[in-house]
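Summary of the model geometry
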Amino acid sequence: MRVLVTPDYRTLSRTAAELVIKAVRAKPDLTLGLPTGSTPLGMYEEIVREYRDEHLDFSNMRTFNLDEYVGLLHDAPKSYHSYMRRHFFQHVNVSPGNINIPEGKPGVDFDAEAERYEKAIREAGGIDLLIVGIGTNGHIAFNEPGAPFDSRTRVVDLAPETILNAQRHFGNEHVPRKAITMGMGTIREARRIVLLASGAHKANAVERALRGPVSESVPASALQLHPRVIVILDETVKKN
Ligand code: GLP
């Protein structure tokens, strides 16, 4: 596991964006796994800037998002569909048919959807590069503490801490109690994984993920078992 400590959030974002850009340049039909949350916002900005300035071409790239809330329509402002459109897809030329986000809208048969999502990842040849964040409880995507390391895409209950953290973004709106998420098994099959973390509130989770025992009670600790992981932190998250 390589750990890069950058001086600030801007550099963290730039470093993450450069990894993605380099991977797309080397392999224009890259399969890229994408996160949401506040941490990757700067990375998306940097990728979009580079796309504009350097005429990058994303038209052959495929993307798979990590997760989506259950119960929100695509257009709901807090859905991850909206987030991805707002911060990335509306600014770049990823072909709409190459964009994959798990379906969380009401009325979906979620078992069938989970199976469909796994199959789509397999048929794309697996994920080449997967960018992830980390929750304050050590979760990755919506794999909460206790999620089996071999779990696949499925519907899960959100942990109380996750609901509490999300409430800051949802304001007066109700935070969904469930989500559909890639499993830890799905995530671990990505060929390369990049973990981003910024902010003192993540220090404890990062410490447990990187240096604590490998345990399903800290989902991100599964990354210690993966041969190609890069962790990008900024000074605010670095302990000691
Ligand atoms: C949510 C997402 C995760 C993300 C986490 C941290 O729970 N499902 O993928 O890593 O939030 O978000 P933030 O970057 O806002 O701290």
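Where strand β2 (residues 31–34) lies against strand β3 (residues 62–65), 4 bridges are found, and the strand directions are parallel. Looking across to β3, one finds that Leu34 is bridged to Asn65. Following the chain from β2 across helix α2 (residues 41–54) to the adjacent parallel β3, one finds a crossover that is right-handed. In this sheet, strand β5 (residues 99–100) lies alongside β3 in parallel orientation, the contact comprising 2 bridges. For Thr63, the partnering residue across the bridge sits in β5 and is Ile99.

Their axes nearest at 8 Å, the elements helix α1 (residues 9–26) and α2 cross at an angle of 50°. For the element pair α1 / α2, the angle class is oblique. For the crossing formed where α1 meets α2, the hand is right-handed. Residues Tyr9, Arg10, Ser13, Arg14, Ala16, Ala17, Val20, Ile21 and Arg25 of α1 form the contact with α2, whose participating residues are Leu41, Gly42, Met43, Glu46, Ile47, Arg49, Glu50 and Glu54. Across the contact of α1 with α2, the residue classes break down as 8 nonpolar, 2 polar and 7 charged.

Across the sheet, which stays open at both edges, the 3 strands sit in the order β4-β8-β7 with antiparallel pairing between neighbours. The open sheet terminates on both sides in strands that have one partner only, identified here as β4 (67–69) and β7 (154–157). In this sheet, adjacent strand axes meet at a mean angle of 30° when their direction is disregarded. Pairing geometry for β4 and strand β8 (residues 178–181), over 3 bridges, is antiparallel. Within β8, the residue paired with Asp67 across the bridge is Thr181.

Rules behind the numbers
Residues numbered from 1 in each chain as written. Predicted model: local features only at pLDDT ≥ 70, side-chain atom pairs only at ≥ 80, totals over all residues. Heavy atoms only, no water. Pairing = 2+ DSSP bridges. Helix = DSSP H or I, 4+ residues; strand = E, 2+ residues; numbered from the N terminus. Right-handed = clockwise from strand over helix to strand, strands pointing away. Axes fitted to C-alpha atoms, helices over the stretch in contact; angles between N-to-C directions. Parallel < 35°, antiparallel > 145°, perpendicular 65-115°, else oblique. Left-handed = near helix turned anticlockwise from the far one by under 90°. Contact = heavy atoms within 4.5 Å. Nonpolar A, V, L, I, M, F, W, Y, C, P; charged D, E, K, R; others polar.

These results come straight from atomic positions and should not be treated as a statement about function.
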